[in-house]
Amino acid sequence: MPTSFRSLAIAWAATLLVVFGGISLLEATYDPEAIDPVATEVDAAAVDAGPVEPVFRPIPVQAMPELLEMTDQGPLPTIAADGARPFETYSATPVQAPGLAKIAIVVTDMGKISRVTRRALADLPEHVTFAFSPFGQGINGWAEQARRANHETMLMIPMEPANYPQDDPGVLTLLVTHTPEQNNKWLRESMSKLTGYTGVVTHKGSRFTAAVESMRPVMRELANRGLMYVDSQSTQYSVGPSLARDMGVPVAVNSRLGFIDEELSAAVISERLDELVKVAQRDGYAVGIARPLPVSMDSIKIWAAGLESRGAVLVPMSQVANQQPTTP
C-alpha cells in the first residue's frame, strides 16, 4: 500500500512539473506583438462582411503613354512593359449586383455627327459603351468626354459584308481578297484614329468574319495589342468568337443578329431590349448593339430606368468579356 501511494505521489509530481513547466515556457516565448490585432480584426470583418466589392476607379480620361506605340501610321494601342493591357486599363469598375442578370449595350457610329454624339453623352445612362467610327471627326475629344462620364469606349472596325461593293463600309474596310499584310495595314490605320479604348467592335463584316484565314491575322493583332473583341453578329457563321477564345482575346458577342433598332419603332426596340433581359436571365449575360438614333436613345433611356425591377442591371462591355456561353 505505501509503495502504491509513493508511486501515485511521484506520478502527480511529474504531471505538475510538466504543466507548470509548459506554462513557464509559454510565458518565456510568448510575444504579444507577433499577433497583429488590427489584421485579425480586418480579417474577421472581411469574413463577416462577405465578398469585398471593388473600389470604384474612374476610367482614365487621357490615353496612357505606356500603352501607346508610336508608328508611321500614328499611335497604336500596345501592351505595357509591365504587362498592363488597354482592355483592363480603360475598363470601368464592374457593377456589383449579385443575383441580377448583366446586360451590356454598345451604341455605335459615335463621333460621326457632333450633335448626335453630344446628345448621346447627355442622354444615355452610365455604363452604356460608346463605339466610335474611324471615319468620325475629333473622335478623341468625344471619347475623352465619354470616359469622363464613365462610358467605356471602343473602336468600330469596318469589314467586308456579303454584298460588297454595293454595300461599302468605307476606304478602311478589311477584305477577304486582301493579303494579311494589306488587312493589317488598314486595321492599324483604323486603330490609330482613336486612343484610350478597350477594344474593337466589328462593323458589318458578314463575309469577312466568316473567313477563318482572313480573321486569324486580325485576331492575332488584337491579342498582341491587348484589346477586346466584340462580334456584332452580322452573320451566324462568324468565326471571330471562337478564334478570340483560342488566342486569349477577351470576347463578347451580340446576343442577336443585327441591331436592336433594325426597325425604327419605339415599340419594337423596347421588345428587343426586353428580349435581352430574357437572354441575360437565362445565360447570366447578354449584349445588345444599337445606333445613336433618337428613337433608340430614348428607348434605351426609358428601358434602363426600370431595369433592376425586372431582375437585370446595365454593365460596361468589359464585364461581359468571356462570360457568355460558347454556343447560343
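How each quantity is defined
- Residues numbered from 1 in each chain as written.
- Predicted model: local features only at pLDDT ≥ 70, side-chain atom pairs only at ≥ 80, totals over all residues.
- Heavy atoms only, no water.
- Helix = DSSP H or I, 4+ residues; strand = E, 2+ residues; numbered from the N terminus.
- Buried < 20%, exposed > 50% of the residue type's maximum accessible area, 1.4 Å probe, protein only.
- Contact = heavy atoms within 4.5 Å.
- Areas by Shrake-Rupley, 256 points an atom, 1.4 Å probe, with all protein chains shown as cover.
- Salt bridge = Lys/Arg side-chain N within 4 Å of Asp/Glu carboxyl O.
- Polar contact = N/O pair within 3.5 Å; in protein donor to acceptor, adjacent residues only side chain to side chain.
- Phe/Tyr/Trp six-rings, centres within 6.5 Å; stacked < 30°, edge-to-face > 60°.
- Lys NZ or Arg CZ within 6 Å of the ring centre and 35° of its normal.
- Axes fitted to C-alpha atoms, helices over the stretch in contact; angles between N-to-C directions.
- Parallel < 35°, antiparallel > 145°, perpendicular 65-115°, else oblique.
- Core = buried A, V, L, I, M, F, W, Y, C linked by side-chain atoms within 4.5 Å.
- Right-handed = clockwise from strand over helix to strand, strands pointing away.
- Left-handed = near helix turned anticlockwise from the far one by under 90°.
- Nonpolar A, V, L, I, M, F, W, Y, C, P; charged D, E, K, R; others polar.

This part is about the overall build of the chain. The helix and strand tally for the chain stands at 10 helices and 10 strands. When burial is assessed residue by residue, the chain has 46% of its 328 residues classed as buried. Within the chain, counting contacts between residues at least 6 apart in sequence, those at least 24 apart form 72% of the total. As presented, the chain carries roughly 16500 Å² of accessible surface, and 58% of it is formed by carbon and sulfur atoms.

With that settled, consider the pattern of salt bridges. Any two side chains of opposite charge can pair if their charged atoms end up close together. Enumeration over the complete set of coordinates arrives at 17 salt bridges. For the salt bridge of R272 with E263, the shortest nitrogen-to-oxygen distance reads 3.9 Å. Using a relative accessible area of 44% as the deciding quantity, one classes E263 as partly exposed. Here the salt bridges do not stand alone but share partners, grouping E69, R188, E221 and R225 into one network.

Here N150 shows up in the loop between α5 (139–148) and β5 (153–159). At 2.7 Å, the side chain of N150 and the side chain of E126 are in polar contact. Each residue touching N150, except ones within four places of it in the same chain, is listed here: F56, I59, A92, E126 and H127.

Let us now look at unusual backbone geometry. In this model, Y164 is joined to P165 through a cis peptide bond whose omega is 10°. Its location among the elements puts P165 in the loop between β5 and α6 (180–191). In this structure, H127 takes a positive phi of about 85° despite not being glycine. Take H127: it is sitting in the loop between α4 (114–123) and β4 (129–132). Overall, H127 belongs to the buried group, its relative accessible area being 14%. One non-glycine residue, N322, lies in the positive phi region at around 65°. In this fold, N322 is placed in the segment after β10 (312–314).

Let's shift gears to the packing of aromatic side chains. This model, assessed by the stated rule, comprises 0 aromatic pairs. A cation over a ring is seen here: K185 above W186, with NZ or CZ 6.0 Å from the ring centre. Sitting above the plane of the F259 ring, R291 keeps its charged end 4.9 Å from the centroid.

This part takes up the packing of α4 against helix α10 (residues 294–305). Taken N-terminus to C-terminus, the directions of α4 and α10 make an angle of 5°; their axes are 11 Å apart at the nearest point. For the element pair α4 / α10, the angle class is roughly parallel. For the pair α4 and α10, the contacting residues are V116, R119, A120 and D123 in the first and P294, M297, D298 and K301 in the second.

Of all hydrophobic cores here, the largest spans 54 residues; its most connected members are I103, I105, F130, F132, Y229 and W303. If one sorts the elements of this core by residue count, helix α9 (residues 266–283) sits on top with 6 residues. Not counting residues within four places of it along the chain, the set of residues in contact with F130 comprises V107, M110, A120, L121, L124, A146, H151, E152, T153 and M154. V106, M156, M228 and V320 belong to the second-largest nonpolar core, a separate cluster that totals 20 residues.

Next up on the list: the pairing of strand β6 (residues 199–204). Here β6 lies mainly inside the structure; 5 of its 6 residues are buried. For the segment spanning β5, α6 and β6, crossover handedness is right-handed. Following the backbone out of β6, through helix α7 (residues 212–224) and into the adjacent parallel strand β7 (residues 228–231), one traces a crossover that is right-handed.

Moving on to the packing of α9 against α10. Where α9 meets α10, the closest approach of the two axes is 9 Å, and the angle between their N-to-C directions is 45°. Comparing their axes, α10 and α9 come out oblique. Both α9 and α10 take part in a crossing whose hand is right-handed. Across the interface between the two elements, A266, I269, L273, D274 and V277 from α9 touch V295, S296, S299, I300 and W303 from α10. For the contact of α9 with α10, a count of residues per class yields 7 nonpolar, 2 polar and 1 charged.

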